[in-house]
Amino acid sequence: MNSPPENPPTAERVIRPALSDADLLSRHVGGDPHAFSEIVKRHRDRMWAVALRTLGDPDEAADAVQDAFVSAYRKAESFRGEAAVTTWLHRIVVNACLDRMRRKTIRPVADDELIEAAERDAQLTDQAGERDVSLEVTAALKQLPADQRAALVLVDMMGYSVDDAAAVLGVPAGTVKSRCARGRAKLVPVLAHLRNRSDLSRVSSGKGAELRDG
């Protein structure tokens, strides 16, 4: 009769907690070839949403996210843990978007491209109505200066607190408030006809934040 194995396979199956973003980044710096790809998997959808709403162009957003992750990959050693890894990544993505907006004029986006992008980012319950609103909001945002647009995207569309948005943008909270207030003041006349539409609150946000009047 064979004796049981000293270390049964089931005894070795220890459930380990998922590594934190900071741990993964540290492992990446230390040479782990798989750590950074896990960071990308965790955060690429959120990064894409920020880039898309900031730039309003799916192709430009994809390029900005790619540039941002390449930059984060190369600059990982510069991360000092003074902010969360997600804040650090968002800052890199927003800066990549702003750089693209400053370097050139973003090409006009065809309606079908924005519709496709909106469908990729959110489940639409009232597709026709929400598509129209999404297109109008995106077009209105493009009329704002880059700094105001970035602040509004983070606070009013992605649901970030003013303090979190300030950390991402690298500016004081008061500056974020000021940029949002000025941006909203410019958008109100353009989007006033949408104020009473129920689907405005579902335009775009992983947290359901709607465009507010300020």
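Residues numbered from 1 in each chain as written. Predicted model: local features only at pLDDT ≥ 70, side-chain atom pairs only at ≥ 80, totals over all residues. Heavy atoms only, no water.

Draft legend 1. Quick look at the packing of aromatic side chains. What the rule picks out here adds up to 3 aromatic pairs. Members of the aromatic cluster, joined through ring pairs, are Phe36, Phe69 and Tyr73. (Phe/Tyr/Trp six-rings, centres within 6.5 Å; stacked < 30°, edge-to-face > 60°.)

Draft legend 2. Up close: the side chain of His43. Relative to the helices and strands, His43 is located in helix H3 (residues 35–55). Classification of His43 by relative accessible area gives buried; the value is 10%. Not counting residues within four places of it along the chain, the set of residues in contact with His43 comprises Asp21, Phe69, Thr86 and Leu89. (Helix = DSSP H or I, 4+ residues; strand = E, 2+ residues; numbered from the N terminus. Buried < 20%, exposed > 50% of the residue type's maximum accessible area, 1.4 Å probe, protein only. Contact = heavy atoms within 4.5 Å.)

Draft legend 3. Just the confidence of the model for the protein chain, in detail. Looking at the protein chain, pLDDT values average 76 and 66% of them are 70 or higher. Predicted confidence is poor over residues 10–16, with pLDDT under 50, and the contacts of this stretch with residues over four places away or in other chains come to 1 contact. Across residues 197–214, where pLDDT falls below 50, the model places 46 contacts with residues more than four positions away in sequence or in other chains. (pLDDT = per-residue confidence, 0-100.)

Draft legend 4. Looking closely at the pattern of salt bridges. The final tally for this structure, using the stated rule, is 7 salt bridges. Here Asp21 makes a salt bridge to Arg42, at a shortest N to O gap of 2.8 Å. With a gap of 21 residues between them, Asp21 in helix H2 (residues 21–29) and Arg42 in helix H3 connect regions that are remote in the sequence. Judged by relative accessible area, Arg42 falls into the partly exposed class, the value being 33%. Salt bridges here are not isolated pairs; linked through shared partners, they connect Asp21, Glu38 and Arg42. (Salt bridge = Lys/Arg side-chain N within 4 Å of Asp/Glu carboxyl O.)

Draft legend 5. Examining the packing of H3 against helix H4 (residues 58–74) more closely. At a minimum axis separation of 9 Å, H3 and H4 run at an interaxial angle of 140°. By the angle between their directions, the pair H3 and H4 is classed as oblique. The two elements H3 and H4 meet at a crossing, and its hand is right-handed. Here Phe36, Val40, His43, Arg44, Met47, Trp48, Ala51, Leu52 and Leu55 of H3 come into contact with H4, specifically with Pro58, Glu60, Ala61, Ala62, Ala64, Val65, Phe69, Ala72 and Tyr73. Class assignment of the residues belonging to the contact of H3 with H4 gives a composition of 15 nonpolar, 1 polar and 2 charged. (Axes fitted to C-alpha atoms, helices over the stretch in contact; angles between N-to-C directions. Parallel < 35°, antiparallel > 145°, perpendicular 65-115°, else oblique. Left-handed = near helix turned anticlockwise from the far one by under 90°. Nonpolar A, V, L, I, M, F, W, Y, C, P; charged D, E, K, R; others polar.)

Draft legend 6. Structural context of the environment of Ala84. You can see Ala84 is positioned in the loop between H4 and helix H5 (85–103). Residue classification places Ala84 among the partly exposed residues on the basis of a relative accessible area of 42%. Linking Ala84 and Ala167, residues 83 residues apart in sequence, is a C-alpha distance of 9.6 Å.

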